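Residues per chain, in single letters:
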Amino acid sequence: MSTEENPAAAPRSLAEALRGRDDVSLAALLRSRPDLITPVPTDLTQLATRAGTRASVVRALERLDRFTLQTAQALAIASDPATYTELLGLMAGDDGDPAVSAALPHALGTLRAQALVWGGDDRLRLVRTARELLAPSPQHPSPTGLGPTVREAGAGISPGRVQEILATAGLPSTHDSVSALNALAGLFDDPERMSALLDQAPSESVEVLERLVWGPPYGQVTADPAPRLRWLLDRGLLLPTAPGTVVLPREVALRLRAGRAHRTTEPVPPPVEAAAAHRPQMVDATAAGQAYTALATVEELLKDWHEGGPAVLRAGGLSVRDLKRTAVALDVPEPVAAFWVELAYAAGLLASDGEADERYAATPAYDEWREEPAGERWARLATAWLAATRTPGLVGERDAKDRTLSALGPGLDRSAAPEVRHRVLALLAGLPEGAAPDAGSLLARLRWERPPRADRTGGGAPSPYARRTPAQPAEGTRGVAARAGGSGAPGYPADGASGAGGEDDLRSRLARWTLAEAEMLGVTGRGALSSHGRALIGAPPAPRRADTRTEPRGPGDKLPVHHRQTPLPPALSPAEQATAAAAAARLLDPLLPEPLDHVLLQADLTAVAPGPLERPLADVLGVLADVESKGGATVYRFTPASVRRALDAGQSAADLHAFLAAHSRTPVPQPLAYLIDDVARRHGHLRVGAASSYVRCDDDAVLNEILADKRAAGLGLRRLAPTVLAARTDPAALLEGLRAMGFAPAAESAEGDVLIARADAYRTPPRTPPEPVPDGPPVPDDTLLAAAIRAVRAGDLAFTAPRKPVGGEAGATPGELPRTTAAETLAGLQAAVLTNDTLWIGYVNAEGGASQRVIAPIRVEGGFVTAYDHTADEVRTYPLHRITGVAELAE
């Protein structure tokens, strides 16, 4: 039992409860609520104050699972302070629920660890801000569906009317309204007397209560209520709260509910069911195939943008037209193209060049990435995806200002994305080997672990003042509107759903997108987590189907409740993540196909690559031929334009013949040899330079043919000499125009040399990958936690240690800076040096910030005191003129 549960040391405040914790417990609190040490509080009183602020409490409540949240909601409607027995009754009901009884200690321990609840089991107190957020009120209905107590609802009723209600209910009259309402509450709290009262109720009145019992508890009545309502109003079973509005008191509702605060409690997380089971070898093979496709797709995307990709929009991002072009080039739907573009950007392989005419292009890191082994290249992509906060599934939707969200543009960051991805993969890791999850059960589990906002605050409940039929109470609407996260079947992308559903809807959609993206990336295969995907998140080896159950399967499951939930693997440090990525790469490498050093040339001017090609072969063949089809075997087609492209890149006809002969398992077909020779014979026969531009050729008959061609009219050609034509267009446009006419010109430099055009010459300056947008303050590491706790403890010592003044002045109030004269300050410090005593001082820094410190002076000289500062745990030097005063610590 912790000190805060020990009746002998019952804390009187949250600060005292925190003071009774050990360092391990404080570290757990600060790790789970990192906003509490941003910045580091000066003492435990400030830490307790910060833990009770609205923003911090809301963040803590958002991270509770459903049952723990239900426990906090029950405490919000319980007495303050409450006993454990009262809380158990609200959660388990009068009949008791063994599952709730087993789970409640763990949920209450979680609330204590989060500093949302303090006090022993006989005096449980919910933090005031949490009570204000979770307690029912007309403006903010509670998910419990309960209304105010008899004392709260009857506060505005006239004393005479209160006495009339007492008399009708069969209770003796009292001398004031307070005691009358207490007597009425006592009647409703007594099961036997309450049952006797309800036995007298007309059946129509009981039906009214049944419609209100689970909330909303409010209804409207006319000035002349119906007899069934009048019977309830006369006995206080319905109390007026405003003209024409009545409410079912909380005590009455609890009696009708058999003591339960919630209609349904969920002490055990719903299991993630397996929709299908596959052989692990098949899962790994499928995932490896997807991983290889992912590498090829990213490489194809960036190869397409080698010479500078699409322009950057003025507001940032890709235009809709450029995204469509990219999707056509990759032969994928537009949302999938957005995913690959965003993945390359997150991995640092793609960025904008920053020029005046800004465009997207590959970064220098892309060249390094291409040279890495395939497994390491995949691990780099997967690691970037896992940590990225950018959400490509939102591309095409509209933001709060009705602007379209574009790929690579602003507004796509969602800080919850890494957490949801990691949690989804962790739940998959908890399934038996080769098992693919049922998406519905997976989403239900995620909603249990992080309930929607309507379940946290009751925001989804209908307004208690909504118009209803006169003289009729509220219909039997539940106090909490059921909300399912996301709509449509699982898949990528979302089925046209917009982001209007808010954060809760987004989390469900993020989970669906995670399943689809993990499959495309090769983290999963056939829906099941692969072995390399498991290594990527640092999960333990897969459980075997025969002997592993990570979830309860029925009432007979005897596992402790807190062990039934698949634990989330701890967040990995950068070094641990690098180790996990390396392990994933080692597992994936043997599953990827070995690169080939040959192709199969065919007589129809095509080449078949029966598998992935070695990089030098793939690079040259990608220039020499066009990709006609992709799949298990890639088909390349040789055309005059592709051969001319290879010649433009600096190859000669002899080089091309030798290359094909060296890398083909079949003889070079005669049509292909003729095609190369024919294009090479005409290549460079014409020369284009800058005049604006010019064409020169040793054969004036060719120039005559060009001038006579009607297609050359737009080029503005005119003869300067028998072998030279000048043009009004620039050299690039002239080259394209002549090629469109069927010629094979070559560009030349100012010196007359042929220019070699390489497709992969353009790169952006070095760029860093985009930083993920954090979801609140980062989780502190062990070193920061230890230093923060040491500073808080020392500051708390300075704040709470008993002290006595130097000289004859009265003692200072705790938390108030000591005030002594300069002479008393100097004398006190010098005496402490001689006696090795510890002093409490007030200090004002150069910025005017005041603080109090506990120091052990070492020497005083030259207007400075050198001392060991217990608050900072180090030796420091302080100017004497900045010390407001000193005081001795009491024995």
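For the structure itself, consult the block above.
Residues numbered from 1 in each chain as written. Predicted model: local features only at pLDDT ≥ 70, side-chain atom pairs only at ≥ 80, totals over all residues. Heavy atoms only, no water.

**Quick word on the packing of helix H5 (residues 66-77) against helix H7 (residues 98-113)**
The condition that has to hold: An axis is simply a line fitted to the C-alpha atoms; with a helix, the fit covers only the stretch in contact. Between two such axes, the angle follows the N-to-C directions and lies from 0 to 180 degrees. What counts as a helix is a DSSP run of H or I of at least four residues, what counts as a strand is a run of E of at least two, and both are numbered from the N terminus. Note that the term roughly parallel is reserved for angles under 35 degrees, roughly antiparallel for angles over 145, roughly perpendicular for angles of 65 to 115, and oblique for everything else. In this analysis, two residues are considered to be in contact whenever any of their non-hydrogen atoms come within 4.5 Å of each other. Gly falls in the polar group here, along with every residue not listed as nonpolar (Ala, Val, Leu, Ile, Met, Phe, Trp, Tyr, Cys, Pro) or charged (Asp, Glu, Lys, Arg).
Relative orientation of the contacting elements H5 and H7 amounts to 80°, with a least axis distance of 9 Å. When the interaxial angle is binned, H5 and H7 end up roughly perpendicular. Contacts between H5 and H7 pair Phe67, Thr68, Thr71, Ala72 and Leu75 from the former with Val100, Ala103, Leu104, Ala107, Leu108, Thr110 and Leu111 from the latter. The class makeup of the residues in the contact of H5 with H7 is nine nonpolar, three polar and no charged.

**With respect to the sheet that holds strand S15 (residues 634-637)**
Backbone-to-backbone hydrogen bonds pair the strands of a sheet. The strands run either parallel or antiparallel. Applicable threshold: Two strands are said to pair when DSSP picks up at least two bridges between them.
Pairing is antiparallel in the open sheet, where four strands are placed in the order S12-S13-S15-S14. The open sheet terminates on both sides in strands that have one partner only, identified here as strand S12 (600-602) and strand S14 (626-629). Each strand of the sheet is rotated relative to its neighbour by a mean of 30°, with strand direction disregarded. One ladder, built from four bridges, connects strand S13 (residues 606-609) with S15; its direction is antiparallel. By the bridge assignment for S15, Val608 is matched with Val635.

**Some remarks on the packing of helix H16 (residues 280-304) against helix H20 (residues 374-387)**
Their axes nearest at 10 Å, the elements H16 and H20 cross at an angle of 80°. Considering the angle they form, H16 stands roughly perpendicular to H20. From H16, Ala291, Leu295, Val298 and Glu299 reach across to H20, where they touch Ala374, Arg377, Trp378 and Leu381. Looking at side-chain class alone, the contact of H16 with H20 contains six nonpolar, no polar and two charged residues.

**Focus: the pairing of strand S19 (residues 724-727)**
Bridge count between strand S17 (residues 693-696) and S19: four bridges; the pairing is antiparallel. Considered in S19, the bridge of Tyr694 is made with Ala726. Taken together, the three bridges between strand S18 (residues 718-721) and S19 define a ladder with antiparallel strand orientation. Following the sheet pairing, Ala721 is matched in S19 by Val724.

**Some details on unusual backbone geometry**
For the bond from Thr38 to Pro39, the omega torsion is 0°, close enough to zero to count as cis. Inspection of the secondary structure puts Pro39 in the loop between helix H2 (23-32) and helix H3 (44-51). Of note, the bond from Asp80 into Pro81 is cis; its omega dihedral lies within 30 degrees of zero at 0°. Secondary-structure assignment places Pro81 in the loop between H5 and helix H6 (84-92).

**What to know about the environment of Gly440**
The following threshold applies: The classification of residues rests on relative accessible area computed with a 1.4 Å probe and restricted to protein chains. Under 20% of the type maximum is buried, over 50% is exposed, and intermediate values are partly exposed.
Mapped onto the fold, Gly440 is located in helix H22 (residues 439-449). What makes Gly440 partly exposed here is its relative accessible area of 41%. Considered as a pair, Gly440 and Ala275 are 165 residues apart in the sequence and their alpha carbons are 9.8 Å apart.

**Description of the environment of Ala732**
Looking at the element boundaries, Ala732 is found in helix H33 (residues 731-740). Given the relative accessible area of 47%, Ala732 is considered partly exposed. When the C-alpha atoms of Ala732 and Val688 are compared, they prove to be 8.9 Å apart, with 44 residues separating the residues in sequence.

**Observations concerning the pattern of salt bridges**
Rule in force here: Salt bridge, as used here, is a side-chain nitrogen of Lys or Arg placed within 4 Å of a carboxyl oxygen of Asp or Glu.
A full pass over the atoms with the stated rule returns 41 salt bridges. Here Arg507 ties to Glu419 by a salt bridge, and the two come within 3.7 Å at their closest N and O atoms. Residue Arg507 is found in helix H24 (residues 502-521), and its partner Glu419 is found in helix H21 (residues 417-429); the two are separated by 88 residues along the sequence. Judged by relative accessible area, Arg507 falls into the buried class, the value being 15%. Residue Glu419 is classed as partly exposed on the basis of its relative accessible area of 25%. Here Arg682 and Asp678 are joined by a salt bridge, their closest N and O atoms 4.0 Å apart. Of the two residues, Arg682 and Asp678 both sit in helix H31 (residues 670-682), four residues apart, roughly one turn of that helix. Among the residues examined, Arg682 registers a relative accessible area of 34% and is labelled partly exposed. Salt bridges linked by common partners bring Arg63, Glu419, Arg450 and Arg507 together as one network.

**Quick look at the sheet that holds strand S3 (residues 218-220)**
Spatially, the three strands line up as an open sheet ordered S3-S5-S4, and their pairing is antiparallel. The open sheet has two edge strands, S3 and strand S4 (239-242), and neither has a second partner. For this sheet, the mean angle separating the axes of adjacent strands, direction not counted, is 40°. Judged from the three bridges that link them, S3 and strand S5 (residues 245-247) form a sheet pairing that is antiparallel. Bridge pairing links Tyr218 to Val247 in S5.

**With respect to the nonpolar core**
Counted only if it meets this: By nonpolar core is meant a set of buried Ala, Val, Leu, Ile, Met, Phe, Trp, Tyr and Cys residues that side-chain atoms within 4.5 Å join together.
Formed by 89 residues in total, the largest nonpolar core has its most connected members in Leu75, Leu184, Phe188, Leu237 and Leu238. Examining the composition of this core, we find that seven residues originate from one element, H5, more than from any other. Beyond its immediate chain neighbours, meaning those up to four positions away, Leu75 contacts Ala82, Leu87, Leu108, Leu111, Val117, Leu124, Leu126 and Arg131.

**A word on the packing of aromatic side chains**
Where we set the bar: A pair of aromatic rings is counted whenever rings of Phe, Tyr or Trp (Trp by its six-membered ring) have centres within 6.5 Å, and the orientation is called stacked for planes under 30 degrees apart, edge-to-face for over 60 and tilted otherwise. Consider the ring centre and the ring normal. A charge sits over the ring if Lys NZ or Arg CZ is within 6 Å of that centre and within 35 degrees of that normal.
Applying the stated criterion across every chain yields a total of four aromatic pairs. Look at Tyr843 and Tyr878: their rings are 4.9 Å apart centre to centre, the planes differ by 65°, and that puts the pair in the edge-to-face class. Within this pair, whereas Tyr843 is found in strand S22 (residues 839-844), its partner Tyr878 is found in strand S25 (residues 874-879), the two being separated by 35 residues in sequence. Judged by its relative accessible area of 3%, Tyr878 falls in the buried class. Over the ring of Trp369 we find Arg377, and its NZ or CZ is 5.3 Å from the ring centre.

**Concerning the side chain of Thr634**
Secondary-structure assignment places Thr634 in strand S15. The buried category is assigned to Thr634, whose relative accessible area is 17%. If sequence neighbours within four positions are ignored, Thr634 has contacts with Ala607, Val608, Ala609, Val627 and Ser629.

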